[in-house]
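A structural walkthrough
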Amino acid sequence: MKKIAKQMSESIELGIVLAASGGFMDAYSYLARGQVFANAQTGNMLLFGVNLASGQFQHALHYLCPVLAFGLGIFLAEFVHFQKIQKVHWRQVTLLIEIIILFGVGYISFEQNLVANSLTSFACGLQVQAFRKIHGKGYATTMCIGNLRTGTHEMCNYLCTKKVQHLQSGLLYYLIILTFIIGAILGNFCIRIFSAKAIWISVSLLSQSIIVTEQFGTKAAVFGFSSTKPGHNAFTICLMAEP
């Protein structure tokens, strides 16, 4: 197999789409589903502890379950990673699972917010585990703290060393943060219009990520990146380069 300089799962295009979806999901769960975070599990843990300390045990459960579901999503993504799946790459599988789950969330009533938030957090766990790098650097599409730290670190390095690669890297992290915020803004408007089914916008963004990867795979094939294994499409070939 020939090697390609840029991995599909690390592309800027995919990172932007996934970050927009991540921001949208957090806005959806917080604004439409009882002020629970889909991605920001630190906030959920904090609110779980606060409610537990004040004796609001039932309310505390609404923050604990998404945390556990997020962890299960990470576990499932890594479990899928270890399976010897033929014809498709494990990241394809996690994306499809995430799309199916979020599509189902759109049908869950507001009386079942605990279930909806847990499923949304589960999907976020899948995403954060499956897509962890952009241009070879660690990042997150479902939260901003790590991106803010690394982006600021790179900008400081640029000011001290004047190396352009640090400036480019820092701006890239800030771009991901900005995209996350834009996703949250989009979520705010869509919730007013589509109510519970607004989460389907996130489904469409994730579906777009598959299109992005397919286009990237086509470019990879054009530039000579290929696999001799039968049943591997262009998307799978690009993904295979990174474990």
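The preceding data block contains the structure.
What counts and what doesn't
Residues numbered from 1 in each chain as written. Predicted model: local features only at pLDDT ≥ 70, side-chain atom pairs only at ≥ 80, totals over all residues. Heavy atoms only, no water. Helix = DSSP H or I, 4+ residues; strand = E, 2+ residues; numbered from the N terminus. Contact = heavy atoms within 4.5 Å. Phe/Tyr/Trp six-rings, centres within 6.5 Å; stacked < 30°, edge-to-face > 60°. Buried < 20%, exposed > 50% of the residue type's maximum accessible area, 1.4 Å probe, protein only. Core = buried A, V, L, I, M, F, W, Y, C linked by side-chain atoms within 4.5 Å. Expected span 1.5 Å × (residues − 1). Patch = residues over 30% accessible without salt bridge, like charges linked within 9 Å, V, L, I, M, F, W, Y side chains within 5 Å. Areas by Shrake-Rupley, 256 points an atom, 1.4 Å probe, with all protein chains shown as cover. Salt bridge = Lys/Arg side-chain N within 4 Å of Asp/Glu carboxyl O. Polar contact = N/O pair within 3.5 Å; in protein donor to acceptor, adjacent residues only side chain to side chain. Axes fitted to C-alpha atoms, helices over the stretch in contact; angles between N-to-C directions. Parallel < 35°, antiparallel > 145°, perpendicular 65-115°, else oblique. Left-handed = near helix turned anticlockwise from the far one by under 90°. Nonpolar A, V, L, I, M, F, W, Y, C, P; charged D, E, K, R; others polar.

Helix and strand counts for the chain come out as nine helices and two strands. Secondary structure of the chain in N-to-C order comes out as α-α-α-α-α-β-β-α-α-α-α. In the chain, the share of contacts with a sequence separation of at least 24, taken over all contacts with a separation of at least 6, comes to 71%.

Our focus in this paragraph is the packing of aromatic side chains. The geometry of two aromatic rings is summed up by the distance between their centres and the angle between their planes. Taken as a whole, this structure holds four aromatic pairs when the rule is applied. Both rings, one in Phe-103 and one in Trp-200, keep their centres 4.9 Å apart while their planes meet at 10 degrees; by these two values the pair is stacked. Of this pair, Phe-103 sits in helix H4 (residues 90-105) while Trp-200 is found in helix H8 (residues 199-222), placing the two residues 97 residues apart along the sequence. Looking at Phe-103, the relative accessible area reads 39%, which means it is partly exposed. Take Trp-200: its relative accessible area is 25%, and that puts it in the partly exposed class. Three or more aromatic residues joined by ring pairs make a cluster, and in this case those are Phe-103, Tyr-107 and Trp-200.

This part is about the nonpolar core. Of all hydrophobic cores here, the largest spans 35 residues; its most connected members are Tyr-28 and Leu-102. Looking at this core, the elements with two or more residues in it are helix H1 (12-32), helix H3 (57-82), H4, helix H5 (113-130), helix H7 (164-194) and H8. Ignoring anything within four residues of it in the chain, the contact list for Leu-102 reads Met-25, Thr-120, Ala-123, Ile-199, Trp-200, Ser-202, Val-203 and Leu-206.

Before going further, it helps to spend a moment on H1. Residues three or four positions apart in an α-helix share a direction because the helix packs 3.6 residues into each turn. With 21 residues, H1 extends 29 Å from end C-alpha to end C-alpha; this agrees with the ideal 30 Å at 1.5 Å per step. Looking one or two residues beyond H1, the residue adopting positive phi is Gly-34, at roughly 85 degrees.

It is worth spelling out a nonpolar patch on the surface at this point. Together, Leu-175, Leu-178 and Ile-182 line one region of the surface with nonpolar side chains, adding up to about 260 Å² of accessible area. For Leu-178, the position within the fold is in helix H7. Judged by relative accessible area, Leu-178 falls into the partly exposed class, the value being 47%.

Here we take up the environment of Ala-38. Among the secondary structure elements, Ala-38 is positioned in the loop between H1 and helix H2 (41-53). Each C-alpha atom, one on Ala-38 and one on Pro-66, is 6.9 Å from the other, the two residues being 28 residues apart in sequence. Ignoring any residue separated from it by four or fewer positions in sequence, one finds Ala-38 in contact with Met-25, Asp-26, Ser-29, Phe-70, Thr-120, Ser-121 and Cys-124.

With that settled, consider H5. Counted at 1.5 Å a residue, the expected span for H5 with its 18 residues is 26 Å, and the 26 Å between its end C-alpha atoms agrees. Where burial is concerned, most of H5 is hidden: 15 out of the 18 residues are buried.

Along the chain, Asn-113 falls in helix H5. Taking relative accessible area as the criterion, Asn-113 reaches 15% and is therefore assigned buried. Of note is the side chain of Asn-113, whose polar atom sits 3.2 Å from the backbone oxygen of Phe-110. Each residue touching Asn-113, except ones within four places of it in the same chain, is listed here: Ala-32, Arg-33 and Gly-34.

Look at H1 against H5: their axes get within 11 Å of each other, and the N-to-C directions meet at 160 degrees. Accordingly, the angle class assigned to the pair H1 and H5 is roughly antiparallel. When you trace H1 past H5, the crossing you get is left-handed. Of H5, the residues touching H1 (which contributes Leu-18, Ser-21, Gly-22, Met-25, Ser-29 and Ala-32) are Asn-113, Asn-117, Thr-120, Cys-124 and Gln-127. The residue makeup of the contact of H1 with H5, split by class, is four nonpolar, seven polar and no charged.

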